[in-house]
Amino acid sequence: MGNLLGFCYKSETVLQKEEDTKPVFSWDKREDLDPADYCFEDLDGVTRGKLPGQINGQQFSIENCKDCILFVLDNVASLTIDDCTNCVIFIGPSKGSVFIRDCTDVKLAVSCQQFRTRDCKRIDTYLHTNTQPIIESSVGMKFACLQINYPHLADQVKSSGLSLFNNEWSNIYDFTPVEHNSNFSLLPETAKFDTYLNEEHISSVSNSNKVAFSSHNSLFPLTVGTHNRDGFGKSALLSVFLGQINDYVEVNKLLKTVQNCECRLRRSKETKMNTDTVIRIYGGSERSQNFSKFAKDGPVIGFEVEGDIDTLRKTLPSPQDVLVYLSTDTASSKDINNFFNYVDMTMST
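Residues numbered from 1 in each chain as written. Predicted model: local features only at pLDDT ≥ 70, side-chain atom pairs only at ≥ 80, totals over all residues. Heavy atoms only, no water.

**Side note on the overall build of the protein**
Then, number 1: Along its length, the protein carries 10 helices and 16 strands.
Then, number 2: Counting every position in the protein, which comprises 349 residues, the buried fraction comes to 45%.
Then, number 3: Taking the contacts inside the protein whose residues are at least 6 apart along the sequence as the reference set, 55% of them involve residues at least 24 apart.
Then, number 4: When the accessible surface of the protein is split by element, carbon and sulfur atoms take 48% of a total near 18500 Å². (Helix = DSSP H or I, 4+ residues; strand = E, 2+ residues; numbered from the N terminus. Buried < 20%, exposed > 50% of the residue type's maximum accessible area, 1.4 Å probe, protein only. Contact = heavy atoms within 4.5 Å. Areas by Shrake-Rupley, 256 points an atom, 1.4 Å probe, with all protein chains shown as cover.)

Listed below in C-alpha coordinates is the structure:
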(Lines give C-alpha, C1' and ligand atoms only; values in the text may rest on other atoms or scores of the structure.)
Protein backbone atom coordinates (compact mmCIF):
# COMPACT_ATOMS: atom_id res chain seq x y z
CA MET A 1 0.00 0.00 0.00
CA GLY A 2 2.80 2.37 0.89
CA ASN A 3 4.46 1.70 -2.47
CA LEU A 4 1.16 2.36 -4.29
CA LEU A 5 0.67 5.71 -2.56
CA GLY A 6 4.23 6.63 -3.31
CA PHE A 7 3.68 5.83 -7.01
CA CYS A 8 0.51 7.98 -7.26
CA TYR A 9 1.69 10.92 -5.21
CA LYS A 10 3.45 13.88 -6.83
CA SER A 11 5.01 16.66 -4.81
CA GLU A 12 4.00 20.29 -5.27
CA THR A 13 7.43 20.93 -6.77
CA VAL A 14 6.91 18.36 -9.52
CA LEU A 15 3.41 19.67 -10.27
CA GLN A 16 4.74 23.22 -10.52
CA LYS A 17 7.46 22.12 -12.95
CA GLU A 18 4.88 20.44 -15.17
CA GLU A 19 2.70 23.55 -15.04
CA ASP A 20 5.65 25.73 -16.07
CA THR A 21 6.41 23.56 -19.10
CA LYS A 22 2.86 23.67 -20.51
CA PRO A 23 2.62 25.49 -23.89
CA VAL A 24 1.37 29.09 -23.71
CA PHE A 25 -0.95 30.19 -26.51
CA SER A 26 -1.71 33.77 -27.67
CA TRP A 27 -5.24 33.65 -26.29
CA ASP A 28 -3.88 32.72 -22.85
CA LYS A 29 -1.86 35.94 -22.79
CA ARG A 30 -4.65 38.21 -24.07
CA GLU A 31 -5.71 40.79 -21.53
CA ASP A 32 -9.35 41.06 -20.58
CA LEU A 33 -10.84 44.09 -22.32
CA ASP A 34 -13.59 46.22 -20.84
CA PRO A 35 -16.09 47.03 -23.64
CA ALA A 36 -16.83 50.35 -21.96
CA ASP A 37 -13.29 51.50 -22.81
CA TYR A 38 -13.91 51.03 -26.53
CA CYS A 39 -17.05 53.05 -27.11
CA PHE A 40 -18.77 56.40 -26.63
CA GLU A 41 -22.44 55.85 -25.82
CA ASP A 42 -25.42 57.96 -24.69
CA LEU A 43 -23.44 61.19 -24.36
CA ASP A 44 -25.01 64.66 -24.51
CA GLY A 45 -23.21 67.99 -24.82
CA VAL A 46 -19.76 66.82 -23.69
CA THR A 47 -16.21 66.57 -25.01
CA ARG A 48 -14.60 63.14 -24.77
CA GLY A 49 -11.36 61.71 -26.13
CA LYS A 50 -9.01 58.75 -26.31
CA LEU A 51 -5.25 59.25 -26.57
CA PRO A 52 -2.59 57.31 -28.47
CA GLY A 53 -2.12 53.85 -26.99
CA GLN A 54 -5.55 53.61 -25.36
CA ILE A 55 -7.28 51.69 -28.18
CA ASN A 56 -4.36 49.91 -29.89
CA GLY A 57 -6.20 48.62 -32.92
CA GLN A 58 -9.35 47.33 -31.22
CA GLN A 59 -12.86 47.82 -32.60
CA PHE A 60 -14.57 51.05 -31.56
CA SER A 61 -18.17 52.25 -31.62
CA ILE A 62 -20.06 55.52 -31.11
CA GLU A 63 -23.78 55.36 -30.44
CA ASN A 64 -26.62 57.67 -29.48
CA CYS A 65 -24.57 60.81 -28.87
CA LYS A 66 -25.86 64.37 -29.24
CA ASP A 67 -24.12 67.77 -29.36
CA CYS A 68 -20.72 66.23 -28.54
CA ILE A 69 -17.07 66.69 -29.48
CA LEU A 70 -15.55 63.20 -29.73
CA PHE A 71 -12.00 62.27 -30.74
CA VAL A 72 -9.88 59.13 -30.77
CA LEU A 73 -6.20 59.83 -31.45
CA ASP A 74 -5.42 56.16 -31.94
CA ASN A 75 -5.83 53.47 -34.58
CA VAL A 76 -8.83 51.14 -34.54
CA ALA A 77 -9.74 47.85 -36.19
CA SER A 78 -13.09 49.18 -37.41
CA LEU A 79 -15.62 51.84 -36.45
CA THR A 80 -19.40 52.07 -36.33
CA ILE A 81 -21.28 55.32 -35.67
CA ASP A 82 -25.02 54.98 -35.00
CA ASP A 83 -27.83 57.39 -34.11
CA CYS A 84 -25.69 60.47 -33.50
CA THR A 85 -26.87 64.06 -33.97
CA ASN A 86 -24.96 67.35 -34.22
CA CYS A 87 -21.59 65.89 -33.23
CA VAL A 88 -18.01 66.61 -34.29
CA ILE A 89 -16.03 63.38 -34.48
CA PHE A 90 -12.41 62.58 -35.29
CA ILE A 91 -11.17 59.00 -35.33
CA GLY A 92 -7.62 57.82 -36.03
CA PRO A 93 -6.77 55.33 -38.79
CA SER A 94 -9.14 52.37 -39.19
CA LYS A 95 -7.63 49.16 -40.54
CA GLY A 96 -11.05 48.06 -41.76
CA SER A 97 -14.37 49.75 -42.37
CA VAL A 98 -16.08 52.87 -41.06
CA PHE A 99 -19.86 52.47 -41.15
CA ILE A 100 -22.19 55.36 -40.28
CA ARG A 101 -25.91 54.73 -39.83
CA ASP A 102 -28.90 56.88 -38.91
CA CYS A 103 -26.86 60.01 -38.17
CA THR A 104 -27.75 63.66 -38.78
CA ASP A 105 -25.65 66.85 -38.88
CA VAL A 106 -22.35 65.18 -38.04
CA LYS A 107 -18.90 66.53 -38.89
CA LEU A 108 -16.45 63.66 -39.28
CA ALA A 109 -12.72 63.29 -39.96
CA VAL A 110 -11.36 59.79 -40.54
CA SER A 111 -8.83 57.65 -42.39
CA CYS A 112 -9.89 54.11 -43.26
CA GLN A 113 -9.79 51.18 -45.64
CA GLN A 114 -13.50 51.37 -46.47
CA PHE A 115 -16.14 54.06 -45.85
CA ARG A 116 -19.91 53.62 -45.98
CA THR A 117 -23.04 55.46 -44.83
CA ARG A 118 -26.69 54.44 -44.67
CA ASP A 119 -29.79 56.46 -43.74
CA CYS A 120 -27.81 59.61 -42.95
CA LYS A 121 -28.48 63.32 -43.43
CA ARG A 122 -26.06 66.23 -43.79
CA ILE A 123 -22.75 64.57 -42.92
CA ASP A 124 -19.60 66.58 -43.67
CA THR A 125 -16.75 64.07 -43.99
CA TYR A 126 -13.06 64.91 -44.20
CA LEU A 127 -11.90 61.63 -45.62
CA HIS A 128 -8.90 59.52 -46.46
CA THR A 129 -9.94 56.09 -47.75
CA ASN A 130 -8.10 53.49 -49.82
CA THR A 131 -11.28 52.29 -51.54
CA GLN A 132 -14.31 53.94 -53.12
CA PRO A 133 -16.65 55.56 -50.54
CA ILE A 134 -20.24 54.34 -50.63
CA ILE A 135 -23.39 56.15 -49.54
CA GLU A 136 -26.84 54.56 -49.35
CA SER A 137 -30.20 56.20 -48.59
CA SER A 138 -28.27 59.29 -47.51
CA VAL A 139 -28.78 62.96 -48.47
CA GLY A 140 -26.88 66.21 -48.09
CA MET A 141 -23.53 64.42 -47.88
CA LYS A 142 -20.39 66.55 -48.31
CA PHE A 143 -16.81 65.37 -48.67
CA ALA A 144 -13.31 66.86 -48.43
CA CYS A 145 -9.76 65.52 -48.46
CA LEU A 146 -8.59 64.80 -44.91
CA GLN A 147 -5.85 67.13 -43.71
CA ILE A 148 -4.42 66.37 -40.28
CA ASN A 149 -1.26 65.47 -38.40
CA TYR A 150 -0.29 64.65 -34.84
CA PRO A 151 2.42 62.62 -33.08
CA HIS A 152 2.11 58.85 -33.65
CA LEU A 153 -0.24 59.28 -36.66
CA ALA A 154 2.34 58.01 -39.17
CA ASP A 155 2.96 54.88 -37.10
CA GLN A 156 -0.78 54.34 -36.69
CA VAL A 157 -1.36 54.58 -40.44
CA LYS A 158 1.46 52.08 -41.06
CA SER A 159 0.15 49.60 -38.48
CA SER A 160 -3.31 49.88 -40.06
CA GLY A 161 -1.92 48.87 -43.46
CA LEU A 162 -3.17 52.02 -45.18
CA SER A 163 -1.47 53.82 -48.07
CA LEU A 164 -1.14 57.58 -47.67
CA PHE A 165 -1.36 58.02 -51.44
CA ASN A 166 -4.34 55.83 -52.35
CA ASN A 167 -7.09 58.25 -51.40
CA GLU A 168 -10.47 57.81 -53.09
CA TRP A 169 -12.18 60.50 -51.00
CA SER A 170 -13.87 62.21 -53.98
CA ASN A 171 -14.82 59.09 -55.94
CA ILE A 172 -18.18 58.55 -54.21
CA TYR A 173 -20.57 55.81 -55.26
CA ASP A 174 -24.27 56.36 -54.49
CA PHE A 175 -26.28 53.16 -54.17
CA THR A 176 -29.55 55.11 -54.20
CA PRO A 177 -29.22 58.03 -56.64
CA VAL A 178 -32.13 60.38 -57.32
CA GLU A 179 -33.07 61.81 -60.70
CA HIS A 180 -32.10 65.44 -61.49
CA ASN A 181 -30.26 65.84 -58.17
CA SER A 182 -27.23 64.58 -56.27
CA ASN A 183 -27.11 63.24 -52.74
CA PHE A 184 -23.51 64.34 -52.31
CA SER A 185 -21.15 67.19 -53.16
CA LEU A 186 -17.54 68.20 -52.54
CA LEU A 187 -16.58 70.81 -49.98
CA PRO A 188 -14.36 73.72 -51.13
CA GLU A 189 -10.65 73.03 -51.35
CA THR A 190 -10.11 75.58 -48.57
CA ALA A 191 -12.49 73.84 -46.12
CA LYS A 192 -10.86 72.96 -42.79
CA PHE A 193 -12.10 70.57 -40.14
CA ASP A 194 -11.16 72.82 -37.23
CA THR A 195 -13.76 75.40 -38.29
CA TYR A 196 -16.26 73.18 -36.46
CA LEU A 197 -14.30 73.51 -33.23
CA ASN A 198 -13.99 76.49 -30.88
CA GLU A 199 -10.78 77.47 -29.08
CA GLU A 200 -11.63 75.41 -26.00
CA HIS A 201 -12.15 72.27 -28.07
CA ILE A 202 -8.94 72.80 -30.03
CA SER A 203 -6.84 73.48 -26.92
CA SER A 204 -8.17 70.37 -25.19
CA VAL A 205 -6.72 68.32 -28.06
CA SER A 206 -3.97 70.39 -29.64
CA ASN A 207 -2.07 71.73 -26.64
CA SER A 208 -1.31 68.31 -25.23
CA ASN A 209 -1.12 66.30 -28.47
CA LYS A 210 -0.12 68.87 -31.12
CA VAL A 211 -3.01 68.12 -33.44
CA ALA A 212 -2.86 70.21 -36.62
CA PHE A 213 -5.52 70.42 -39.32
CA SER A 214 -3.43 72.48 -41.76
CA SER A 215 -2.64 71.36 -45.30
CA HIS A 216 0.92 72.67 -44.89
CA ASN A 217 1.96 69.91 -42.50
CA SER A 218 -0.73 67.28 -43.08
CA LEU A 219 0.44 63.68 -43.20
CA PHE A 220 -2.07 63.05 -46.01
CA PRO A 221 -1.39 64.84 -49.32
CA LEU A 222 -4.06 67.32 -50.36
CA THR A 223 -5.75 66.26 -53.60
CA VAL A 224 -8.61 68.13 -55.26
CA GLY A 225 -10.29 65.13 -56.90
CA THR A 226 -11.16 64.40 -60.50
CA HIS A 227 -14.44 66.33 -60.59
CA ASN A 228 -14.88 69.84 -61.98
CA ARG A 229 -11.69 70.26 -63.98
CA ASP A 230 -11.40 74.02 -63.95
CA GLY A 231 -8.43 74.80 -66.19
CA PHE A 232 -5.97 75.39 -63.34
CA GLY A 233 -3.05 74.99 -65.75
CA LYS A 234 -1.04 72.33 -67.51
CA SER A 235 -1.15 68.75 -66.26
CA ALA A 236 1.66 66.23 -65.91
CA LEU A 237 2.43 62.86 -64.35
CA LEU A 238 4.91 63.04 -61.49
CA SER A 239 6.20 59.59 -60.51
CA VAL A 240 8.50 58.63 -57.64
CA PHE A 241 10.28 55.26 -57.62
CA LEU A 242 11.19 54.55 -53.99
CA GLY A 243 13.31 51.43 -54.56
CA GLN A 244 14.62 50.18 -51.21
CA ILE A 245 13.71 53.38 -49.34
CA ASN A 246 10.99 52.53 -46.82
CA ASP A 247 9.92 56.03 -45.85
CA TYR A 248 8.38 59.03 -47.57
CA VAL A 249 10.85 61.77 -46.62
CA GLU A 250 11.94 62.41 -50.22
CA VAL A 251 8.34 62.25 -51.43
CA ASN A 252 7.35 64.94 -48.93
CA LYS A 253 10.21 67.15 -50.11
CA LEU A 254 9.00 66.82 -53.68
CA LEU A 255 5.44 67.70 -52.65
CA LYS A 256 6.72 70.85 -50.94
CA THR A 257 8.30 71.85 -54.25
CA VAL A 258 4.98 71.22 -55.99
CA GLN A 259 3.23 73.56 -53.56
CA ASN A 260 5.90 76.25 -53.90
CA CYS A 261 5.52 76.22 -57.69
CA GLU A 262 1.82 77.11 -57.53
CA CYS A 263 0.89 73.59 -58.52
CA ARG A 264 -1.62 71.24 -56.93
CA LEU A 265 -2.34 67.52 -56.86
CA ARG A 266 -5.47 66.28 -58.50
CA ARG A 267 -5.02 62.62 -57.50
CA SER A 268 -2.37 60.17 -56.37
CA LYS A 269 -1.78 56.42 -56.32
CA GLU A 270 0.76 54.01 -54.86
CA THR A 271 1.35 50.72 -56.68
CA LYS A 272 3.75 47.93 -57.58
CA MET A 273 5.04 47.46 -61.13
CA ASN A 274 6.94 44.81 -63.02
CA THR A 275 9.36 45.51 -65.86
CA ASP A 276 6.78 45.10 -68.62
CA THR A 277 4.45 47.59 -66.96
CA VAL A 278 7.23 50.13 -66.47
CA ILE A 279 8.15 49.92 -70.16
CA ARG A 280 4.51 50.17 -71.24
CA ILE A 281 3.94 53.34 -69.19
CA TYR A 282 7.33 55.06 -69.34
CA GLY A 283 8.75 53.75 -72.62
CA GLY A 284 11.67 51.49 -73.40
CA SER A 285 14.55 53.93 -72.99
CA GLU A 286 17.64 53.45 -70.84
CA ARG A 287 15.93 55.57 -68.20
CA SER A 288 13.11 53.02 -68.01
CA GLN A 289 15.66 50.30 -67.26
CA ASN A 290 16.65 52.23 -64.15
CA PHE A 291 12.98 52.70 -63.30
CA SER A 292 12.49 48.93 -63.58
CA LYS A 293 15.32 48.23 -61.15
CA PHE A 294 13.78 50.56 -58.56
CA ALA A 295 10.25 49.28 -59.21
CA LYS A 296 11.46 45.74 -58.50
CA ASP A 297 12.57 46.77 -55.00
CA GLY A 298 9.75 49.04 -53.92
CA PRO A 299 6.54 50.91 -54.70
CA VAL A 300 5.90 53.53 -57.36
CA ILE A 301 3.92 56.62 -56.39
CA GLY A 302 2.22 58.65 -59.09
CA PHE A 303 0.64 62.11 -58.91
CA GLU A 304 -1.45 63.96 -61.43
CA VAL A 305 -0.03 67.47 -61.00
CA GLU A 306 -1.51 70.60 -62.52
CA GLY A 307 -0.50 74.25 -62.55
CA ASP A 308 2.76 75.92 -63.49
CA ILE A 309 4.44 72.77 -64.78
CA ASP A 310 7.19 74.71 -66.57
CA THR A 311 8.43 76.21 -63.30
CA LEU A 312 8.06 72.84 -61.55
CA ARG A 313 10.20 71.20 -64.21
CA LYS A 314 12.97 73.77 -63.64
CA THR A 315 12.96 73.55 -59.83
CA LEU A 316 12.15 69.90 -59.20
CA PRO A 317 15.00 68.36 -57.17
CA SER A 318 16.77 65.14 -58.13
CA PRO A 319 17.09 63.07 -54.95
CA GLN A 320 19.96 60.59 -54.75
CA ASP A 321 18.06 57.70 -53.17
CA VAL A 322 14.90 57.69 -55.29
CA LEU A 323 14.11 58.18 -58.99
CA VAL A 324 11.75 60.92 -60.17
CA TYR A 325 9.89 61.23 -63.46
CA LEU A 326 7.95 64.26 -64.70
CA SER A 327 6.22 63.84 -68.05
CA THR A 328 6.83 66.19 -70.95
CA ASP A 329 4.08 68.41 -72.33
CA THR A 330 3.58 66.14 -75.32
CA ALA A 331 3.44 62.94 -73.26
CA SER A 332 1.55 64.17 -70.19
CA SER A 333 -1.95 63.17 -71.24
CA LYS A 334 -0.85 59.69 -72.35
CA ASP A 335 1.28 59.18 -69.22
CA ILE A 336 -1.53 60.21 -66.87
CA ASN A 337 -4.05 57.93 -68.54
CA ASN A 338 -1.65 54.97 -68.73
CA PHE A 339 -0.57 55.21 -65.10
CA PHE A 340 -3.95 55.71 -63.45
CA ASN A 341 -5.75 53.27 -65.74
CA TYR A 342 -3.19 50.63 -64.81
CA VAL A 343 -3.57 51.26 -61.08
CA ASP A 344 -7.37 51.30 -61.25
CA MET A 345 -7.31 48.02 -63.16
CA THR A 346 -4.98 46.29 -60.70
CA MET A 347 -6.91 47.54 -57.65
CA SER A 348 -10.20 46.24 -59.06
CA THR A 349 -8.94 42.70 -59.61
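There's more to say after this.
**Here's the deal with the nonpolar core**
Then, number 1: Core analysis: the biggest nonpolar cluster contains 42 residues, and Phe 90, Ile 148, Val 251, Phe 303, Val 305 and Leu 312 have the highest contact counts within it.
Then, number 2: Sorting the residues of this core by element identifies strand E4 (69-72), strand E6 (88-101), helix H4 (153-159), strand E13 (234-241), helix H6 (249-260), strand E14 (263-271), strand E15 (300-307) and helix H9 (309-315) as the ones contributing at least two each.
Then, number 3: The residues touching Val 305, leaving out its near neighbours within four places in the chain, are Lys 234, Ser 235, Ala 236, Leu 238, Val 258, Cys 263, Arg 264, Leu 265 and Leu 312.
Then, number 4: Membership of the second largest hydrophobic core comes to 34 residues, among which are Cys 68, Val 72, Leu 108 and Phe 143. (Core = buried A, V, L, I, M, F, W, Y, C linked by side-chain atoms within 4.5 Å.)

**Examining helix H7 (residues 275-282)**
Then, number 1: Those residues of H7 that fall on the buried side of the exposure criterion are Thr 277, Val 278, Ile 281 and Tyr 282. For H7, the buried positions fall inside an angular range of 100 degrees around the axis, keeping them on one side.
Then, number 2: A side-chain oxygen of the first residue of H7 lies 3.3 Å from the backbone nitrogen of Asp 276; this N-cap is Asn 274.
Then, number 3: Two residues or fewer after H7 comes Gly 283, characterised by a positive phi angle close to 90 degrees. (Arc of directions from axis to C-beta. Polar contact = N/O pair within 3.5 Å; in protein donor to acceptor, adjacent residues only side chain to side chain.)

**Description of the environment of Val 305**
Then, number 1: You can see Val 305 is positioned in strand E15.
Then, number 2: Taking the C-alpha atoms as reference, Val 305 lies 8.2 Å from Lys 234; in sequence the two are 71 residues apart.

**Here's the deal with the packing of aromatic side chains**
Then, number 1: Tallied over the entire structure, the rule returns 16 aromatic pairs.
Then, number 2: On the numbers, 6.0 Å between centres and 85 degrees between planes, the contact of Phe 90 with Tyr 150 is edge-to-face. Residue Phe 90 is located in strand E6, and its partner Tyr 150 is located in the loop between strand E10 (141-145) and H4; the two are separated by 60 residues in the primary sequence. For the pair Phe 90 and Tyr 150, one class covers both residues: buried.
Then, number 3: Considering the side-chain rings of Phe 241 and Phe 291, the 4.4 Å spacing of their centres and the 10 degrees angle between planes classify their relative orientation as stacked. Of this pair, Phe 241 sits in strand E13 while Phe 291 sits in helix H8 (residues 286-297); the two residues are 50 residues apart in sequence, bridging distant segments of the chain. The pair Phe 241 / Phe 291 is uniform in exposure class, with both members buried.
Then, number 4: Put simply, the rings of Tyr 126, Phe 193, Tyr 196 and Phe 213 pair up and form one aromatic cluster.
Then, number 5: Taking the ring centre of Phe 99 as reference, the NZ or CZ of Arg 101 above it sits at 4.9 Å.
Then, number 6: Just above the ring of Phe 340 sits the side chain of Arg 267; from NZ or CZ to the centre is 4.1 Å. (Phe/Tyr/Trp six-rings, centres within 6.5 Å; stacked < 30°, edge-to-face > 60°. Lys NZ or Arg CZ within 6 Å of the ring centre and 35° of its normal.)

**As for H8**
Then, number 1: Taken together, the buried positions of H8 are occupied by Ser 288, Phe 291, Ser 292 and Ala 295. All buried residues of H8 fall inside an arc of 105 degrees around its axis, so they share one side. Pointing more than 90 degrees away from the buried face of H8 are the exposed residues Glu 286 and Lys 293.
Then, number 2: Those residues of H8 that are buried lie in contact with E13, H7, E15 and strand E16 (323-326).

**As for the pattern of salt bridges**
Then, number 1: With the rule as written, the count across this model stands at 18 salt bridges.
Then, number 2: A salt bridge links Lys 234 to Asp 310; the nearest nitrogen and oxygen atoms lie 3.1 Å apart. Taken together, the positions of Lys 234 in strand E13 and Asp 310 in helix H9 put the pair 76 residues apart, joining distant regions of the chain.
Then, number 3: For Lys 234, a relative accessible area of 37% puts it in the partly exposed group.
Then, number 4: Taking the relative accessible area as the measure of exposure, Asp 310 reaches 33% and is therefore partly exposed.
Then, number 5: Notably, a salt bridge pairs Asp 344 with Lys 269, separated by 4.0 Å at the nearest N-O pair. Linking Asp 344 in helix H10 (residues 332-348) with Lys 269 in strand E14, this pair joins segments that are 75 residues apart in sequence.
Then, number 6: The partly exposed category is assigned to Asp 344, whose relative accessible area is 35%.
Then, number 7: Of the residues examined, Lys 269 reaches a relative accessible area of 5% and is grouped as buried. (Salt bridge = Lys/Arg side-chain N within 4 Å of Asp/Glu carboxyl O.)

**A short note on the confidence of the model for the protein**
Then, number 1: Residues with a pLDDT of 70 or more make up 87% of the protein, whose mean pLDDT is 88.
Then, number 2: A low-confidence stretch, residues 1-10 stays under pLDDT 50, and its non-local contacts, those more than four residues away or across chains, total 2 contacts. (pLDDT = per-residue confidence, 0-100.)

**A short note on a negative patch on the surface**
Then, number 1: Judged by side-chain charge, Glu 41, Asp 42, Glu 63, Asp 83 and Asp 102 come together as a negatively charged surface patch.
Then, number 2: Of the residues examined, Asp 42 reaches a relative accessible area of 54% and is grouped as exposed. (Patch = residues over 30% accessible without salt bridge, like charges linked within 9 Å, V, L, I, M, F, W, Y side chains within 5 Å. Lys, Arg positive; Asp, Glu negative; His and termini not counted. Charge placed at Lys NZ, Arg CZ, Asp CG, Glu CD.)

**Side note on the environment of Ser 94**
Then, number 1: Mapped onto the secondary structure, Ser 94 falls in strand E6.
Then, number 2: Residue Ser 94 is classed as buried on the basis of its relative accessible area, which comes to 0%.
Then, number 3: With 20 residues separating them in the primary sequence, Ser 94 and Asp 74 have C-alpha atoms 9.0 Å apart.
Then, number 4: The residues touching Ser 94, leaving out its near neighbours within four places in the chain, are Val 76, Ala 77, Ser 78, Leu 79, Ser 111, Cys 112, Gln 113, Ser 160 and Leu 162.

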